[in-house]
Amino acid sequence: MDLLEYQGKQLFDRHGVPVPSGSPATTVEEAVAAADEIGHPCVVKAQVLTGGRGKAGGVQLADDPAETEARARDILGLDIRGHVVRKLWIERASEIAKEYYLSVTFDRGTKKPLLMLTKEGGVEIEQVAEESPDALVRLHLDASEGFQPWVARRLIYGARVEDAGEQKQIGAIMESLYRAFVEFDAMLCEINPLIVTPDGEVKALDSKFTVDDNALFRHPDISEMRDTAAADPIEAFAREKGVTYVKLDGNVGICGNGAGLSMSTVDVVAHVGGRPANFCDLGGGGSAQGVVDALEVITRDPQVKSIFFNVFGGITRGDEVARGILEALERLDMSKYPIVVRLDGTNAVEGRALLAEAGKPNIHTEATMLDGARRAVELAK
Ligand code: GDP
Ligand code: MN
């Protein structure tokens with residue numbers, strides 16, 4: 001789960017990483033009121049889950065209330081690479097002498113946290129890595145040893161940070177950032193830029209914070225930060241229902257059991273000339289309730305014209321899936337959707353018998369995945 005800049009900064013603050021003070025706002029009025037409290041000059045910052053906001057005009061300085069108002073008006077509603085700005089962060093403006101970069105990520109290759117520091121911050125880190133790889137110092141940590149003072153020294157000297165005051169502050173920030181990374185089960189904690197002010201004060205001007213989804217149950221307060229407004233409404237609904245769902249842009253709704261089969265189904269539908277509307281995985285259980293939930297999610301997409309159930313029973317039982325489909329037909333208005341069902345494996349015979357008995361005119365059973373896909377594509381026309 002990715003956090004917005006200001007949410008990440010709030011978590012930084014809890015572990016003592018210095019951040020400028022600020023306040024969130026969702027309207028121009030709130031932005032002006034926040035700036036009044038914080039004082040001018042201030043920075044008006046778009047809160048969207050994408051980087052490069054500065055270049056896109058989503059980060060603007062304002063010297064007085066009138067400017068804050070104008071900048072807030074400009075940025076609210078701005079589309080930054082498909083992310084529409086609905087929230088602002090009004091921050092006390094900082095004076096910048098230098099822009100560094102500091103991050104902790106989880107390196108899946110080595111299965112270790114990776115610390116990175118460079119004095120060439122502010123720009124895209126990929127660019128630094130490519131153009132001046134020597135300027136970017138990388139160090140893997142042994143999670144069982146934890147953060148040791150030599151780690152900070154190695155990175156700081158490696159990056160050639162020479163000022164003693166900066167060295168001291170960056171060392172402390174690094175340790176705090178690592179603690180935040182561990183405590184919040186993060187996959188990424190990035191500060192770009194980590195600035196040095198003309199007075200020699202070091203602080204985090206930006207934050208990128210990603211928390212491991214699988215650890216969210218340990219952090220109910222972070223779970224609540226999820227920006228449901230920014231997410232696709234159907235995907236948000238799916239998450240609420242606990243349905244694995246990815247929206248695609250075609251018109252054939254797809255339901256499989258297991259990620260592998262669901263993905264293959266997407267491919268087969270495309271192979272026979274159709275366009276999948278989504279990827280939906282019923283999971284291993286495939287209970288009747290799970291099927292009802294999945295259908296409720298899929299039918300929220302107005303582009304869906306037909307639905308293809310491709311189920312290979314293992315743990316999932318064909319009769320259970322059939323019951324789920326029939327139950328969904330009772331509970332939801334599914335009359336306008338042709339539903340193609342291919343059932344195979346455990347209890348497939350019982351499942352097909354249940355569907356046949358029910359005699360619903362919009363249910364079509366097919367014996368193979370290929371025939372099922374062809375039928376679903378045809379019925380979507
Ligand atoms: P990003 O473009 O999404 O990475 O957003 P950032 O928060 O990193 O801001 C982009 C750039 O705006 C920074 O690299 C700074 O150069 C500039 N900026 C942001 N906040 C301030 C500020 O308080 N004062 C000044 N002078 N510049 C700022
Ligand atoms: Mn940045």
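Please refer to the structure higher up on the page.
Residues numbered from 1 in each chain as written. Chains lettered and ligands numbered in written order. Predicted model: local features only at pLDDT ≥ 70, side-chain atom pairs only at ≥ 80, totals over all residues. Heavy atoms only, no water.

A.B. asks: Please give an account of the coordination of the manganese ion (ligand 2) that cites residues and values.
C.D. replies: Between any two of four tetrahedral donors, the ideal angle at the metal is 109.5 degrees; between two of six octahedral donors, it is 90 or 180 degrees. In the first shell of the manganese ion (ligand 2), the protein supplies Asn192 (O) and Asp206 (OD), at 2.1 to 2.2 Å from the metal. Taken together, the positions of asparagine 192 in strand β11 (residues 186-196) and aspartate 206 in the loop between β12 (202-204) and β13 (208-211) put the pair 14 residues apart, joining distant regions of the chain. Overall, the relative accessible area of 18% leaves aspartate 206 in the buried class. (Donors = N, O, S within 2.8 Å, 3.2 Å for Na, K, Ca; no water. Helix = DSSP H or I, 4+ residues; strand = E, 2+ residues; numbered from the N terminus. Buried < 20%, exposed > 50% of the residue type's maximum accessible area, 1.4 Å probe, protein only.)

A.B. asks: I'd like a rundown of the environment of arginine 138, residues and numbers included.
C.D. replies: Secondary-structure assignment places arginine 138 in strand β10 (residues 137-140). The spacing of arginine 138 and leucine 114 is 24 residues in sequence and 6.8 Å in space, taken between C-alpha atoms. Here arginine 138 is in contact with Leu114, Leu115, Met116 and Leu155, once residues within four sequence places are set aside. (Contact = heavy atoms within 4.5 Å.)

A.B. asks: Break down unusual backbone geometry for me, with residues and values.
C.D. replies: Omega for the peptide link from histidine 40 to proline 41 comes to -5°, which places this bond in the cis form. The residue proline 41 is located in the loop between α2 (28-38) and β3 (42-46) in this model. In the segment running from asparagine 192 into proline 193, the intervening peptide bond is cis, with an omega of 10°. With respect to the helices, strands and loops of the structure, proline 193 is situated in strand β11. For lysine 111, which is not glycine, the phi dihedral falls at a positive 60°. Topologically, lysine 111 is positioned in the loop between β8 (98-107) and β9 (112-118). Of the residues examined, lysine 111 reaches a relative accessible area of 66% and is grouped as exposed. Positioned with a positive phi, asparagine 347 is a non-glycine residue whose angle comes to about 55°. Tracing the sequence through the fold places asparagine 347 in the loop between β18 (339-345) and α12 (348-358).

A.B. asks: Describe the site of ligand 1, naming the residues involved and giving the relevant values.
C.D. replies: By nearness alone, 16 residues border ligand 1, and Lys45, Arg53, Gly54, Ser94 and Glu99 come closest of all. Between an oxygen atom of ligand 1 and a side-chain N or O atom of glutamate 99, the distance comes to 2.9 Å. Separating an oxygen atom of ligand 1 from a backbone N or O atom of asparagine 192 is a distance of 3.3 Å. Protein chains shield 78% of the accessible area of ligand 1, which is 560 Å² for the free molecule. Elements with a minimum of two residues in the shell around ligand 1: β3, β4 (59-62) and β11. When the residues that make up the shell around ligand 1 are grouped by side-chain class, the tally is seven nonpolar, five polar and four charged. (Near = heavy atom within 4 Å. Polar contact = N/O pair within 3.5 Å; in protein donor to acceptor, adjacent residues only side chain to side chain. Areas by Shrake-Rupley, 256 points an atom, 1.4 Å probe, with all protein chains shown as cover. Nonpolar A, V, L, I, M, F, W, Y, C, P; charged D, E, K, R; others polar.)

By themselves these figures say nothing about function.
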